[in-house]
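The chain contents come next:
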Amino acid sequence: MNNFEKTFFKKYIPENQEVRWVIHEHWIKIVDNILLRVGLFVFVPSFMIYNSVYFQEKINFAYFEIYLIIIYLKLIYDIFNWYNDVFIITNEWLIALEWSLFKTKTDAIRYESIEWIWVEQDWIMDKLFNKWDVVIHKIWDEESRLVDAKVPYKALNEIEAISSAIKEEIQAKKAQAEKTKFELILDALWWVVEEYLWEKWLNPEDILQNSEKIKQKKLPENIILEEWTIDLRWN
């Protein structure tokens with residue numbers, strides 16, 4: 001992960017987040033695309049123009065040069081499009097970016113919504129070039145997929161580490177909230193018991209030192225007193 005990528009892709013993420021890693025499509029994908037286009041749309045027409053008097057008479061060379069410029073611009077666009085179709089790993093989200101000249105689509109995936117991540121290969125050439133499809137499966141049975149990716153396992157480990165840390169933090173907050181709620185209930189119950197026993201009809205010395213004397217007082221029938229304990233269970 002270099003500083004250029006961190007700066008370049010920062011415009012696609014919220015300001016309060018930072019780029020941790022970027023997963024690109026494999027370079028072999030754009031090389032295949034370039035070789036195919038150059039072979040079919042540049043070499044073949046050029047061969048026909050320069051080796052055929054018929055085509056030289058029928059086609060103005062200036063038009064052919066304009067055609068080559070258009071092909072060249074299309075190749076530049078394809079390279080830029082390939083470079084911008086990525087998964088951006090931030091400290092809070094995983095962003096699936098699909099770039100195009102007129103419309104750019106981003107899908108922000110929260111780490112806590114990720115159920116699992118896996119990579120898969122379709123055929124033997126994928127193994128040869130270390131080319132994988134990265135699949136992100138979300139909890140509502142949706143998937144985000146980056147096809148023909150060059151998978152840095154460090155990036156996948158980064159996703160797993162961030163996702164695990166965020167899920168653990170959420171679980172800790174839930175546990176703390178439950179604990180706080182339980183403590184509030186206990187505090188409220190203790191306040192009620194203390195108010196009822198110590199202020200209404202007893203004092204602390206009677207409770208702690210003279211339980212036999214307490215039992216002779218007129219207490220509610222459902223309250224059973226023993227030394228050091230008070231049973232408030234309903235009959």
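The coordinates are above.
Basis of the calculations
Residues numbered from 1 in each chain as written. Predicted model: local features only at pLDDT ≥ 70, side-chain atom pairs only at ≥ 80, totals over all residues. Heavy atoms only, no water. Patch = residues over 30% accessible without salt bridge, like charges linked within 9 Å, V, L, I, M, F, W, Y side chains within 5 Å. Areas by Shrake-Rupley, 256 points an atom, 1.4 Å probe, with all protein chains shown as cover. Salt bridge = Lys/Arg side-chain N within 4 Å of Asp/Glu carboxyl O. Helix = DSSP H or I, 4+ residues; strand = E, 2+ residues; numbered from the N terminus. Pairing = 2+ DSSP bridges. Axes fitted to C-alpha atoms, helices over the stretch in contact; angles between N-to-C directions.

Caption draft 1: Quick peek at a nonpolar patch on the surface. On the surface, W27, V31, L35, L128 and F129 cluster together to form a nonpolar patch covering roughly 490 Å² of accessible area. The set of elements that each furnish at least two residues to the nonpolar patch consists of α2 (27-51) and α5 (124-129). Per-element accounting of the nonpolar patch gives the leading share, three residues, to α2. Along the chain, W27 falls in helix α2.

Caption draft 2: Representation of unusual backbone geometry. At N130, a residue that is not glycine, the phi angle is positive and equals roughly 55°. By the secondary structure assignment, N130 is in the loop between α5 and β6 (132-138). At D148, a position not held by glycine, the phi torsion is positive, near 55°. Take D148: it is sitting in strand β7 (residues 143-149).

Caption draft 3: View of the sheet that holds strand β1 (residues 19-24). In space, the four strands of this open sheet follow the order β1-β2-β3-β4, with antiparallel pairing throughout. Every other strand in the sheet has two partners, leaving β1 and β4 (105-110) as the edge strands with one partner each. Across this sheet, the average inter-strand angle for adjacent strands is 20°, counted without regard to direction. Of the strand pairs in this sheet, β1 and strand β2 (residues 86-90) are connected by five bridges, and their pairing is antiparallel.

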